[in-house]
Amino acid sequence: MAQYILRRIAQTFLVLIGITLITFILLNVVPGDPVALMLEKRADAESMAKVRHELGLDVPLHLQYFNFIKNAIRMDFGKSYFTHKNVTEVLLKSFGITLRLAGTSFFFAVLLGISGGITAAINRGKKRDSIIMMLSMAGISAPVFWVAIILQIVFGLKLDWFPISGYGTPISFVLPGIALGTRYAASIARITRTSMLDVVKQDYIRTARAKGASKALVLFKHALKNALIPIITMMGTQLGNMLAGSMLVETIFSIPGIGKLMVDSMGSRDIPLIQGTVVYIAAVFVFINLIVDVSYAFIDPRIRIGQGAK
């Protein structure tokens, strides 16, 4: 088990190094001088050279990358070229806001998705199953921005139940959380239904029923537990997407999260901010995938046994 976890941690570290290297190369091959953008081309050549030296942009690229990695390990991504704010502090502030939005969306998606998927599975072929699958298809197909605008019009403007923008209170995350989580809830419902239908055909389920186990015990202890692997995989991926920020939802609801920060930094080519957000998003994805992979070994012992046998 320990060997399995150590191997996955080593892979996670290599993935992070690869992502930072690719990001660094891409940012340096894109045309445009960030110093010229920062000084709005009003400075003379001597002043631009001085600023470039202060930012460490006049040294060879491999040294720039080494310095970036060295500082990133200490969570030091420098200062924004334009706002001169500490990038780490800006990221932490945006992360707190994105975390609240992602938490609301994830809770909504998991609660609605798993309950809907189980209900559809135990009512296979019935009217309830058809309705849930039809709604899940609509949820997957509907664009996020369209859902967000509909929610704003109905529940914000017409009914006046929730604020249509801002992030000051917990209730202000309800509409953006539902807008962001609708598609994920639909996906979870469909994978839960499919996985449950596969599991309930197994012999051990029939055995449990033959032994007189209650319907709830068969459903939640024997069926749902063994159907969790694909569901957890999807939930992990979706949580990573949520924590990486949603530029559409954050823009529509005026929420200054990671997604909006990323878009703004790319628009101004603010390299320290871009590098910081890319490292953050990459770290979120690889660590969540690490947690998901490790959780497999606890849910299904055959996985860690198989890894150990190699």
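Rules used throughout
Residues numbered from 1 in each chain as written. Predicted model: local features only at pLDDT ≥ 70, side-chain atom pairs only at ≥ 80, totals over all residues. Heavy atoms only, no water. Helix = DSSP H or I, 4+ residues; strand = E, 2+ residues; numbered from the N terminus. Buried < 20%, exposed > 50% of the residue type's maximum accessible area, 1.4 Å probe, protein only. Core = buried A, V, L, I, M, F, W, Y, C linked by side-chain atoms within 4.5 Å. Contact = heavy atoms within 4.5 Å. Phe/Tyr/Trp six-rings, centres within 6.5 Å; stacked < 30°, edge-to-face > 60°. UniProt positions renumbered as here; feature names shortened; annotations may be inferred. Arc of directions from axis to C-beta. Expected span 1.5 Å × (residues − 1). Salt bridge = Lys/Arg side-chain N within 4 Å of Asp/Glu carboxyl O.

Caption draft 1: The arrangement of unusual backbone geometry in detail. The phi dihedral of histidine 84 falls on the positive side, at around 60°, and the residue is not glycine. Relative to the assigned elements, histidine 84 resides in the loop between helix H4 (61-73) and helix H5 (87-122). Overall, the relative accessible area of 54% leaves histidine 84 in the exposed class.

Caption draft 2: View of the nonpolar core. Counting residues in each nonpolar core, the largest one holds 58 residues, and the members touching the most others are Phe77, Ile114, Met196 and Phe253. With 11 residues, H5 is the single largest residue contributor to this core. Setting aside its immediate chain neighbours within four residues, phenylalanine 253 contacts Ala148, Gln152, Ile164, Ser165, Gly166, Leu175, Pro176 and Ala179. In this structure, Leu27, Tyr81, Ile274 and Val278 belong to the second largest nonpolar core, which totals 6 residues.

Caption draft 3: Quick look at the packing of aromatic side chains. Summed over the entire model, instances satisfying the criterion amount to 4 aromatic pairs. Relative to tyrosine 280, the ring of phenylalanine 95 lies with its centre 5.6 Å away and its plane at 70°, an arrangement referred to as edge-to-face. Taken together, the positions of phenylalanine 95 in helix H5 and tyrosine 280 in helix H14 (residues 271-299) put the pair 185 residues apart, joining distant regions of the chain. By relative accessible area, phenylalanine 95 is classed as partly exposed at 26%. Judged by its relative accessible area of 14%, tyrosine 280 is buried.

Caption draft 4: Here's a closer look at the UniProt feature "transmembrane region" (unreviewed entry) in the protein. Within this numbering scheme, the UniProt entry marks residues 12-30, 101-122, 134-155, 167-186, 239-258 and 278-299 as carrying the feature "transmembrane region" (unreviewed entry). Along residues 101-122, the helical share is 100% and the strand share 0%, with 32 Å between the first and last C-alpha atoms.

Caption draft 5: Structural view of helix H13 (residues 258-268). Among the residues making up H13, those that are buried are Ile258, Gly259, Leu261, Met262 and Ser265. Down the axis of H13, the buried set is contained in an arc of 160°. They therefore lie on one face. Note on H13: the residue one or two positions beyond its end, arginine 269, has a positive phi of about 50°.

Caption draft 6: Expanded view of H4. Between its first and last C-alpha, H4 extends 18 Å over 13 residues, near the 18 Å set by a 1.5 Å rise per residue. Along H4, the residues classified as buried are Gln64, Tyr65, Phe68, Ile69 and Ala72. Along the long axis of H4, the arc covered by the buried residues comes to 135°, so they all point the same way. Set apart from the buried face of H4 by more than 90 degrees, the exposed residues are His62 and Ile73. Positive backbone phi, approximately 60°, marks methionine 75, located one or two places after H4.

Caption draft 7: The arrangement of the pattern of salt bridges in detail. Under the defined criterion, the tally for this structure stands at 3 salt bridges. Close ionic contact of aspartate 129 with arginine 193 constitutes a salt bridge, the shortest N to O distance being 2.9 Å. With a gap of 64 residues between them, aspartate 129 in helix H6 (residues 127-141) and arginine 193 in helix H8 (residues 174-199) connect regions that are remote in the sequence. Arginine 193 shares its class with aspartate 129; the two are buried. We note a salt bridge from aspartate 264 to lysine 260, for which the minimum N-O separation is 3.4 Å.

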